[in-house]
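Architecture and fold: a report
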Amino acid sequence: MAHPDVRPEPEALLAEARREGRGQLKIFLGAAPGVGKTFAMLEAARIRQNEGVDVVVGVVEAHGRAETERLLAGLEILPRSRLFYRGRALPEMDLDGLLARRPKLALVDELAHTNVEGSRHAKRWQDVEELLVAGIDVYSTLNIQHLESLNDVVARISGVRVRETVPDTILELADEIELIDLPPEELIARLRQGKVYVQEQIARAIQNFFSKGNLTALRELAMRIAADRVDAQMTAHMRSHAIPGPWPAQERILVCINEAPVSKSVVRAAKRMAERARLPWIALSVATATTESLREKEKDSLVETLRLAETLGAEVVTLSVSANVADEILAYARTRNVSRILIGRPRQRRWVPGFVRETVAETLLKRATDFEVTVVSPDERAAREARLKLPIPTLASKPTAYLWTTVAVALACLAAQVVLVAIPVESLALVFLPAVLFAAAQYGLAPSIFASVMAFFAYNFFFTDPYYTFNVYNESEVLTLFLFLVVSIVTGNQAARLRTQATAQRAIAERTMRLYEFSRKIASAASLDDVVWAAVHHVASTLKCDALLLGPDEHHRLTILGGFPPEDQLDVKDWGAAEWAFEHKEPAGWRSVTLPAASWLFLPLGAGATPIGLLGVKFRQGAAPGPAERRLLDALVDQIAVALERTRLASDMEETRLLSETERLRAALLSSVSHDLRTPLVSIIGAASSLIEADAALGAAGRRAMAETIFEEGERLNRYVQNLLDMTRLGYGALEVRHEAVDLRETVGRAMMRLKHSLAGHRIVLDLALDLPLADGDPVLLEQVVTNILDNAAKYSEPGTAITIAGRAGARTLVLSVTDEGPGIPAEDRDKIFDMFYRVRAGDGQKAGTGLGLAICQGILEAHGGSIRAQSASSGRTGTRIVVELPIVRRSAETEPSSVNAPQGDGE
């Protein structure tokens with residue numbers, strides 16, 4: 001039953017939701033070959049078939065075993081596909097056939113199998129993943145030595161390195177794992193009987209892999225892997241169904257640590273217990289409001305204890321708690337299905353600060369009824385340190401705090417005297433409470449107690465009969481005085497606690513704000529240098545330390561990317577620590593378990609196979625970061641890693657984009673050269689060969705026709721080459737514009753003469769105003785523009801259609817338009833047609849062309865200060881209108897040459 005106050009965890013529900021619609025995977029797991037995995041899988045499949053389930057054998061390796069072949073009888077076996085590899089046809093599972101057949105249950109033997117080269121997937125477990133995604137249930141088999149994480153372990157045990165492995169995540173995909181177990185003696189007996197390998201391999205197998213010691217160790221590994229997976233499934237079930245637990249299925253140890261000296265003893269005891277029972281264990285520290293106010297020595301002790309637990313192999317967790325520490329610890333223990341909790345023996349109560357409150361350890365002992373709680377006593381040294389700390393409570397406030405507290409009590413006395421004169425009352429005790437609250441809120445617990453005691457004596461001395469003595473005659477006033485003392489101390493204590501909590505919350509808010517500011521800085525950093533500077537500057541200012549960022553250069557050697565304060569040198573010890581941290585992906589250096597003599601602590605950035613860099617920190621004056629600072633440092637490390645990865649990916653994407661663009665331009669240029677430039681050459685060569693070979697037979701008219709063909713195609717080729725040259729000059733900014741007064745009517749006429757053969761099949765409609773003003777530009781370049789536009793219009797419109805050339809004067813520009821009656825250009829492509837090598841795939845893009853003409857027009861017109869755009873011809877009609885705008889020549893304009901965005905050079 002779910003606890004009424006506990007809800008299912010969203011992550012667990014999302015994991016279940018992701019499994020909806022997928023097939024179910026059951027893995028028959030064995031310790032070694034021959035234990036009977038395939039046999040058990042086939043038996044389970046036959047049971048499902050008898051229940052009416054559609055079962056198909058995708059692939060099952062019988063290895064010549066008669067009992068396996070008997071179980072295959074009666075099951076539908078999908079024919080295998082044949083793939084040719086090195087001249088041989090090798091059988092493989094027909095994945096496409098299995099997907100098309102779509103049974104309810106598919107049998108896929110040997111999950112770690114490597115497919116034949118040429119298969120869709122390299123590994124069979126990838127085939128199984130595709131089947132699961134398609135909604136097909138799968139039964140499969142796996143030996144424990146094929147798990148990737150156990151590859152080295154199995155190699156050490158057996159001396160045999162297994163080459164075919166599967167990732168451990170495949171076990172996480174499994175909905176059910178069935179352990180097929182067989183004692184080593186029985187497995188060796190099966191091996192001797194020839195039921196595992198052929199006779200030639202039996203002796204060698206028994207001497208090597210199948211020794212009794214190896215099989216026992218592999219059997220234990222298989223049992224543990226299966227138990228861990230079942231435990232993970234049980235924990236997921238508890239989280240998704242809001243079951244508070246714990247369920248005592250597999251033991252797990254939780255050790256509670258704090259700044260007390262006994263914590264190290266508790267950690268060592270937990271390590272011994274976990275080692276003996278081979279159990280996972282968690283080291284839990286709790287961050288509360290009082291954690292922020294710990295002394296530096298206590299913070300160092302807590303950090304050292306956490307580091308010790310991490311070194312000994314614990315999973316280190318820090319829990320932020322505002323109140324009810326014991327309840328939060330127990331709630332966390334239930335969510336992790338912990339069975340045993342280790343705590344240190346409670347310290348003796350200090351004088352007044354604890355009052356009658358129970359310690360966390362005492363509360364745990366009382367409320368942890370469903371856990372096994374072990375209390376660890378400190379060793380003699382830790383107990384001696386605890387006793388030395390006990391007698392004298394520390395008054396951590398400055399002397400000025402007590403001075404101002406005395407002033408506050410004195411002011412309260414004056415206020416009480418005024419109230420007594422103005423409004424005679426019987427008790428003035430409440431007048432002193434603001435002084436106590438002031439001391440608690442401003443300076444903490446000790447000044448508040450000091451204020452309570454001073455207010456007690458001041459009230460007794462000045463306002464109880466007999467006055468100006470510490471004697472009390474009235475019994476009721478005695479009770480009033482002592483009640484006032486108790487109330488003032490309790491009130492001051494509560495106010496001091498609120499102050500501590502407020503201070504802690506401010507510290508948390510400040511850290512959160514710093515993380516937010518850093519995330520904003522990192523997000524706005526565009527280049528690697530910006531990220532490096534923002535990272536080291538923020539880390540240094542936030543943690544009050546020196547910061548350094550290191551990364552690999554192009555030769556994969558570590559180099560300093562940046563530091564704050566600026567640092568470009570490290571000594572030999574620090575370089576050794578940095579290189580070790582980078583190579584092993586673990587922290588190294590100052591106060592770590594590796595090379596602690598170094599002055600810098602290096603933390604790897606990134607969780608991949610190879611870190612992308614290192615963050616180095618060096619704390620000033622040997623100060624160690626507390627748990628809160630360490631958590632902040634870890635968060636900064638993660639953000640820096642993400643930022644560096646982002647810049648690296650952005651750089652890779654830019655390089656990929658440039659390579660892709662270069663490849664596209666290269667392919668377009670090759671296409672243009674191989675086709676559009678080759679076409680006129682073929683015509684020229686054909687006409688020239690006709691003139692040579694059949695000169696007499698052609699006659700004068702034929703020779704003239706051949707010569708005209710050569711001339712026309714030569715002109716066409718010249719235009720292509722000119723376009724390429726013009727585009728190159730535009731790209732390098734070497735195009736020189738000579739400004740002159742240009743009559744566009746003459747320019748249009750010259751362009752039409754150049755294209756008279758291309759335009760011969762079209763009706764040319766001229767609509768040029770007689771009073772058309774002169775354009776300011778280069779006549780040669782503008783003729784090239786008009787020629788390219790007319791050539792496009794003739795090329796992409798059918799013979800017999802009209803091409804309209806219109807010109808009019810605008811307010812400050814001269815507008816020239818060329819309209820054809822072709823298929824038109826889609827609206828989404830009208831801006832793209834001015835890009836190099838771009839050709840519309842529909843409409844006008846059906847004809848051949850270089851894709852350079854309009855791009856050159858745009859470049860030339862922009863150099864003139866003009867513009868070009870594409871429009872539809874008109875409403876209800878097909879076709880395209882290219883509109884050109886050019887500046888009108890000014891009367892004072894000079895005709896001297898000027899260069900646009902280029903050094904002076906040879907012009908047109």
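Predicted model only: the values in this text are computed from it and were never measured. (Residues numbered from 1 in each chain as written. Predicted model: local features only at pLDDT ≥ 70, side-chain atom pairs only at ≥ 80, totals over all residues. Heavy atoms only, no water.)

A tally of regular secondary structure across the chain gives 27 helices and 27 strands. In the chain, which comprises 908 residues, the proportion classed as buried is 43%. At a minimum sequence separation of 6, the contacts of the chain that also span at least 24 residues come to 68%. Surface summary for the chain: the accessible area is close to 48000 Å², and the carbon and sulfur share equals 56%. (Helix = DSSP H or I, 4+ residues; strand = E, 2+ residues; numbered from the N terminus. Buried < 20%, exposed > 50% of the residue type's maximum accessible area, 1.4 Å probe, protein only. Contact = heavy atoms within 4.5 Å. Areas by Shrake-Rupley, 256 points an atom, 1.4 Å probe, with all protein chains shown as cover.)

All right, on to the environment of S758 then. Relative to the elements of secondary structure, S758 occurs in the loop between helix 25 (744–754) and strand 21 (763–768). Classification of S758 as partly exposed rests on a relative accessible area of 32%.

What follows is about the pattern of salt bridges. Here the structure, examined in full by the defined rule, presents 21 salt bridges. With a closest N to O distance of 2.5 Å, E645 and R648 form a salt bridge. Linking E645 with R648, this pair stays in helix 22 (residues 627–676), spanning three residues, or about one helical turn. The exposure class of R648 is partly exposed, given its relative accessible area of 41%. Residue R754 pairs with E783 through a salt bridge whose shortest N-O separation is 3.5 Å. Separated by 29 residues along the polypeptide, R754 in helix 25 and E783 in helix 26 (residues 779–795) bring together distant segments of the chain. (Salt bridge = Lys/Arg side-chain N within 4 Å of Asp/Glu carboxyl O.)

Below, the discussion takes up the packing of aromatic side chains. Applying the stated rule across the entire model yields seven aromatic pairs. Centroid distance F461 to F462: 5.0 Å. Interplanar angle 85 degrees. Geometry classified as edge-to-face. Using a relative accessible area of 35% as the deciding quantity, one classes F462 as partly exposed. Stacked on the ring of Y139, the Lys or Arg K26 has its end atom at 5.5 Å from the ring centre. (Phe/Tyr/Trp six-rings, centres within 6.5 Å; stacked < 30°, edge-to-face > 60°. Lys NZ or Arg CZ within 6 Å of the ring centre and 35° of its normal.)

Of all hydrophobic cores here, the largest spans 38 residues; its most connected members are I789, L790, L816 and I868. Of all elements in the fold, only helix 25, helix 26, strand 23 (802–809), strand 24 (813–819), helix 27 (853–863), strand 25 (867–874) and strand 26 (877–887) reach the threshold of two or more residues within this core. Broken down by element, the residue count for this core peaks at eight residues, all from helix 26. Counting 36 residues, the second largest nonpolar core, distinct from the first, contains V59, A106, I144 and I225. (Core = buried A, V, L, I, M, F, W, Y, C linked by side-chain atoms within 4.5 Å.)

An order of 11-10-9-12-13 is seen for the five strands of this open sheet, with the pairing classed as parallel. Of all the strands in the sheet, the pair left with one neighbour each is strand 11 (315–320) and strand 13 (372–376). In this sheet, adjacent strand axes meet at a mean angle of 25 degrees when their direction is disregarded. When strand 9 (residues 253–257) meets strand 10 (residues 281–287), the two strands line up parallel, connected through five bridges. Paired with I257 across the two strands is S285, which belongs to strand 10. (Pairing = 2+ DSSP bridges. Axes fitted to C-alpha atoms, helices over the stretch in contact; angles between N-to-C directions.)

Attention now moves to the packing of helix 26 against helix 27. Packing of helix 26 against helix 27 brings their axes to within 9 Å, and their N-to-C directions diverge by 150 degrees. Compared by their axis directions, helix 26 and helix 27 come out roughly antiparallel. Note that helix 26 runs across helix 27; the crossing there is left-handed. Where helix 26 abuts helix 27, its residues L781, L782, Q784, V785, N788, I789 and N792 lie against G853, L854, I856, C857, I860 and L861. Of the residues assigned to the contact of helix 26 with helix 27, the class counts are nine nonpolar, four polar and no charged. (Parallel < 35°, antiparallel > 145°, perpendicular 65-115°, else oblique. Left-handed = near helix turned anticlockwise from the far one by under 90°. Nonpolar A, V, L, I, M, F, W, Y, C, P; charged D, E, K, R; others polar.)

Moving on to the pairing of strand 9. Across the five residues of strand 9, five count as buried, placing the element largely inside the fold. Burial along strand 9 is two-sided: the residues I253, V255 and I257 and L254 and C256 are all buried. One crossover worth recording links strand 9 to the parallel strand 10 by way of helix 11 (residues 262–277), and it is right-handed. Direction of pairing for strand 9 relative to strand 12 (residues 340–344): parallel, over a ladder of three bridges. Paired with V255 across the strands is L342, a residue of strand 12. (Right-handed = clockwise from strand over helix to strand, strands pointing away.)

In this model helix 2 (residues 37–50) runs 20 Å from its N-terminal to its C-terminal C-alpha over 14 residues, within 8% of the 20 Å that 1.5 Å per residue would give. Residues of helix 2 that are buried: K37, T38, A40, M41, L42, A44 and A45. (Expected span 1.5 Å × (residues − 1).)

The next subject is helix 27. For helix 27, the tally of buried residues reaches nine of eleven residues, placing the bulk of the element in the interior. Taken residue by residue, helix 27 has G853, L854, A855, I856, C857, G859, I860, L861 and A863 as its buried positions. At the C-terminal side of helix 27, G865 shows a positive phi close to 85 degrees.

This part is about the side chain of S817. Considering the arrangement of structural elements, one finds S817 in strand 24. Setting aside residues no more than four positions away along its own chain, S817 makes contact with T804, I805, A806, R881, I882 and V883.

Glancing now at the sheet that holds strand 15 (residues 558–564). Each strand in a sheet pairs with another by means of backbone hydrogen bonds, the pair being arranged parallel or else antiparallel. With antiparallel pairing, five strands are arranged side by side in an open sheet as 15-14-18-17-16. Looking at which strands have only one partner, the edges of the open sheet turn out to be strand 15 and strand 16 (588–589). On the sheet, helix 20 (residues 528–543) packs against strand 14 (545–552), strand 15 and strand 18 (613–619) and is oriented at approximately 150 degrees with respect to strand 14. Taken strand by strand, helix 21 (residues 572–584) contacts strand 14, strand 15, strand 16, strand 17 (601–605) and strand 18, and its axis lies near 110 degrees from that of strand 15.

A separate point is unusual backbone geometry. Of the consecutive residues F564 and P565, the connecting peptide bond is found in the cis state with omega at -10 degrees. If you trace the backbone, P565 turns up in the loop between strand 15 and helix 21. Even without being a glycine, R102 presents a positive backbone phi close to 50 degrees. Within the fold, R102 resides in the loop between helix 4 (95–101) and strand 6 (105–108).

What follows covers the environment of I329. Relative to the assigned elements, I329 resides in helix 13 (residues 325–335). Owing to a relative accessible area of 3%, I329 belongs among the buried residues under this scheme. Spatially, the C-alpha atom of I329 lies 8.3 Å from that of L319, the residues being ten residues apart in sequence. In this view, I329 contacts L254, C256, L284, V286, V360 and L364; residues no more than four positions away in its chain are not counted.

Another aspect to go through is the confidence of the model for the chain. Considering every residue of the chain, the mean pLDDT works out to 78; 79% of them sit at 70 or more. Highest mean pLDDT in the chain belongs to strand 6 (94); lowest belongs to strand 27 (residues 897–899) (41). Low pLDDT, under 50, characterises residues 390–396; the predicted model gives this stretch eight contacts beyond four residues in sequence or across chains. A low-confidence stretch, residues 842–846 stays under pLDDT 50, and its non-local contacts, those more than four residues away or across chains, total eleven contacts. (pLDDT = per-residue confidence, 0-100.)

A separate point is a nonpolar patch on the surface. Among the surface-exposed residues, L403, W404, V407, L411, L414 and F438 lie close enough to one another that they form a single nonpolar patch of about 600 Å² accessible area. With respect to the element layout, W404 can be found in helix 16 (residues 399–422). (Patch = residues over 30% accessible without salt bridge, like charges linked within 9 Å, V, L, I, M, F, W, Y side chains within 5 Å.)

In this section: the packing of helix 17 (residues 433–443) against helix 18 (residues 445–463). At a closest axis distance of 7 Å, the pairing of helix 17 and helix 18 adopts a crossing angle of 165 degrees. By the angle class used here, helix 17 and helix 18 are roughly antiparallel. Crossing of helix 17 against helix 18: the hand is right-handed. When helix 17 is examined against helix 18, the residues A435, V436, A439, A440 and Y443 are found in contact with a partner set consisting of L445, P447, S448, A451 and S452. Of the residues in the contact of helix 17 with helix 18, the class split is eight nonpolar, two polar and no charged.

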